[in-house]
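Inside the fold
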Amino acid sequence: MSVMWDLPDFDDHEAVHFFHDVETGLSAIVALHSTHRGPGAGGTRFWHYENRETAVTDVLRLSRGMSFKNAMAGLPLGGGKAVILADRNRTKTPEMLAAFGRMIESLGGRYVTAEDVGITAADMVALTKETKYVSGLPVSNSGEAGGDPGPFTAMGVYLGVKAAVAHKLGRDNMDGVHVAIQGVGSVGGGLARLLARDGAKLSIADINKDHAAALAKEIGATVVGLDEVMRIEADVFSPNALGAILDKVSIAHLNVPIVAGGANNQLATPEDGQRIFDRNILFAPDYVINSGGIISVGLEYLGDDDVNEVNRRVAMIPQRLTEIWEQSAAQKLPDSDVADNMAMALIGRG
Ligand code: NAD
């Protein structure tokens with residue numbers, strides 16, 4: 001029998017809590033990877049997993065990712081994540097959410113939750129009836145941080161793309177710079193609008209063809225095919241849809257000097273960071289460039305809910321990326337490895 005400590009994705013997690021509530025049928029796992037910098041913060045995912053092992057793998061990986069993301073964003077927060085194991089019909093009752101809220105409360109603030117896949121802002125509000133350890137609540141005042149993190153993430157990615165273009169291509173403006181964007185939802189769409197304002201040449205692709213066409217018309221972009229967007233000759237490829245899209249095959253076909261986008265977990269395996277490095281492509285580690293949203297959500301929880309402070313911190317993302325790229329060149333290490341090493345040091349595991 002293998003136990004938690006033997007699992008390949010166990011990375012010295014401080015604690016993994018398994019919860020079950022007989023009355024409501026709720027099954028949930030909360031993983032705390034590190035509380036070195038503060039309470040373990042990260043969203044709750046509500047998902048139908050094929051089996052329990054997959055749920056455990058997911059919560060272990062995601063909580064570690066949150067430790068890294070929060071540390072690199074300079075937040076006094078550790079890394080945690082929760083998954084609720086949904087049944088086949090994804091049944092989510094108010095009673096179930098209330099039981100989950102009580103479970104979070106029982107951890108006494110070591111874990112702070114927010115939205116993730118399958119959880120809505122309304123669910124977050126419902127959780128506040130049972131626990132105070134909740135962030136990502138809708139805001140009533142536009143001067144406050146918090147609420148939808150998408151625009152802050154898009155702004156961070158935009159600043160990161162510009163920093164990458166300056167670093168790799170020596171360009172100080174985006175006029176005529178060709179950016180291929182995969183996924184134009186909340187993050188990719190926001191990025192496209194910001195880049196269009198700067199005169200960038202944009203090729204966009206989205207499985208939602210109507211949405212892509214409407215955006216292209218609005219901002220003067222060109223719609224390209226779903227496969228083409230990853231192979232097109234451009235200055236930047238910006239993934240803003242799915243994770244694990246950079247693998248042996250796709251990296252071999254990239255036709256760009258820069259990959260910089262907001263999608264989470266873009267590298268299919270850690271070795272793919274080396275593959276990108278070997279092709280002399282500059283890579284913006286995802287959990288650094290896409291940290292605008294967590295900066296907003298984190299500051300909201302910490303009570304520093306002034307939008308100017310969020311913007312000030314988001315504006316520091318290019319500096320952190322440049323530090324990574326410089327160290328990568330000096331140490332001849334992939335950008336992704338340098339970022340992981342920096343994050344490990346920041347959580348006291350250097
Ligand atoms: P979203 O759902 O608003 O947008 C995703 C878009 O990608 C949709 O328009 C969808 O149709 C499109 N898409 C899906 N599969 C595709 C494919 N195969 N090819 C092309 N397009 C495809 O989501 P979002 O909030 O914009 O998040 C995008 C990515 O950024 C995700 O990986 C998410 O985890 C990550 N992220 C988001 C935030 C945030 O604040 N929203 C923060 C950090 C990371």
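Reading guide: rules and limits
Residues numbered from 1 in each chain as written. Predicted model: local features only at pLDDT ≥ 70, side-chain atom pairs only at ≥ 80, totals over all residues. Heavy atoms only, no water. UniProt positions renumbered as here; feature names shortened; annotations may be inferred. Helix = DSSP H or I, 4+ residues; strand = E, 2+ residues; numbered from the N terminus. Rg over C-alpha atoms; globule rule 2.2 N^0.38 Å. Buried < 20%, exposed > 50% of the residue type's maximum accessible area, 1.4 Å probe, protein only. Areas by Shrake-Rupley, 256 points an atom, 1.4 Å probe, with all protein chains shown as cover. Lys, Arg positive; Asp, Glu negative; His and termini not counted. Charge placed at Lys NZ, Arg CZ, Asp CG, Glu CD. Expected span 1.5 Å × (residues − 1). Near = heavy atom within 4 Å. Polar contact = N/O pair within 3.5 Å; in protein donor to acceptor, adjacent residues only side chain to side chain. Nonpolar A, V, L, I, M, F, W, Y, C, P; charged D, E, K, R; others polar. Pairing = 2+ DSSP bridges. Contact = heavy atoms within 4.5 Å. Axes fitted to C-alpha atoms, helices over the stretch in contact; angles between N-to-C directions. Salt bridge = Lys/Arg side-chain N within 4 Å of Asp/Glu carboxyl O. Phe/Tyr/Trp six-rings, centres within 6.5 Å; stacked < 30°, edge-to-face > 60°. Lys NZ or Arg CZ within 6 Å of the ring centre and 35° of its normal. Core = buried A, V, L, I, M, F, W, Y, C linked by side-chain atoms within 4.5 Å. Domains from an automatic or database assignment. Right-handed = clockwise from strand over helix to strand, strands pointing away. Buried area = accessible area lost by both parts, 1.4 Å probe.

An unreviewed UniProt entry lists the protein chain under the name Glu/Leu/Phe/Val dehydrogenase, with Parasphingorhabdus flavimaris as the source organism. UniProt annotates the protein chain under Sequence similarities (unreviewed entry) with the comment "Belongs to the Glu/Leu/Phe/Val dehydrogenases family."

This brings us to the overall build of the protein chain. Counting secondary structure elements, the protein chain contains 13 helices and twelve strands. For the protein chain, the C-alpha radius of gyration of 20 Å lies close to 20 Å, the compact-globule estimate for 350 residues. Counting the 350 residues in the protein chain, one finds 53% classified as buried. Per element, the accessible surface of the protein chain, about 15500 Å² overall, is 51% carbon and sulfur. A gap of 2 Å separates the mean positions of the 31 positive and 44 negative side-chain charges of the protein chain.

Let us look at helix α4 (residues 150–169). For α4, built from 20 residues, the straight-helix expectation of 28 Å at 1.5 Å per residue is met to within 8% by its first-to-last C-alpha distance of 28 Å. Phi turns positive one or two residues past the end of α4, at Gly170, with a value near 65°.

What follows deals with the site of the ligand. Around the ligand, a shell composed of 21 residues is seen, among which Thr153, Ser186, Val187, Asp206 and Ala241 lie nearest. Within the contact set of the ligand, an oxygen atom lies 2.8 Å away from a backbone nitrogen or oxygen of Ala241. At 2.9 Å from an oxygen atom of the ligand is found a side-chain nitrogen or oxygen belonging to Asn264. Across the complex, the protein chains shield 71% of the 820 Å² of accessible surface that the ligand would expose by itself. Of all the secondary-structure elements, those providing two or more residues to the shell around the ligand are α4 and α5 (186–197). When grouped by side-chain class, the residues that make up the shell around the ligand number eight nonpolar, eleven polar and two charged.

With that out of the way, let us pick up the sheet that holds strand β10 (residues 236–239). With parallel pairing, six strands are arranged side by side in an open sheet as β9-β8-β7-β10-β11-β12. Only two strands of the sheet have a single neighbouring strand rather than two, namely β9 (222–223) and β12 (282–283). With two bridges connecting them, strand β8 (residues 201–205) and β9 associate as parallel partners. In the sheet register, Ser203 faces β9, and the bridge partner there is Thr222. Together, β8 and β9 form the strand contacts of helix α6 (residues 209–219), whose direction differs from that of β8 by roughly 170°.

Here we take up the pattern of salt bridges. Counting across every chain of the model gives 14 salt bridges. Taking the shortest distance from any N to any O, the salt bridge between Glu218 and Arg193 comes out at 2.7 Å. Within this pair, whereas Glu218 is found in helix α6, its partner Arg193 is found in helix α5, the two being separated by 25 residues in sequence.

Once that is clear, we can look at the packing of aromatic side chains. Inspection of every chain in the model, using the stated rule, returns one aromatic pair. Between the NZ or CZ atom of Arg90 and the centre of the ring of Trp47, over which it lies, the distance is 4.9 Å. Positioned over the ring face of Phe46 is Lys92, at 5.1 Å from the centre of the ring.

A separate point is the nonpolar core. Core analysis: the biggest nonpolar cluster contains 58 residues, and Val161, Ile181, Leu195 and Leu202 have the highest contact counts within it. Looking at which element gives the most residues to this core, the answer is α4, with eight residues. Residues from two domains meet in this core; each of domain 1 (4–127) and domain 2 (150–290 + 318–346) gives at least three. Excluding anything up to four places from it in sequence, Leu195 contacts Tyr158, Val161, Met174, Val179, Ile181, Ala200 and Leu202. Residues Phe19, Leu26, Ala28 and Phe46 belong to the second largest nonpolar core, which totals 23 residues.

Here we take up the pairing of β10. Residues of β10 alternate between two faces, with Val236 and Ser238 on one and Phe237 and Pro239 on the opposite face, all of them buried. Note that strand β7 (residues 178–182) and β10 share four bridges and pair parallel. Pairing of Ile181 across the sheet is with Ser238, part of β10. As paired elements, β10 and strand β11 (residues 258–259) share two bridges and run parallel to each other. When the sheet's bridge partners are listed, Val236 is paired in β11 with Ile258. Where the polypeptide runs from β10 across helix α7 (residues 248–253) and back to β11, its parallel neighbour, the crossover connection is right-handed.

What follows deals with the domain arrangement of the protein chain. Accessible area lost during the coming together of the parts is what is often quoted as the interface size. When its domains are assigned, the protein chain resolves into domain 1 (4–127) and domain 2 (150–290 + 318–346). On a C-alpha basis, the centres of domain 1 and domain 2 stand 28 Å from each other. Facing eight residues of domain 1, the contacting portion of domain 2 comprises 13 residues. In total, domain 1 and domain 2 occlude about 900 Å² of area from one another, counting both sides; carbon and sulfur atoms represent 65% of this. Among the residues of domain 1 in contact with domain 2, Phe68, Lys69 and Met72 are the three that bury the most area, contributing 71% of the side total.

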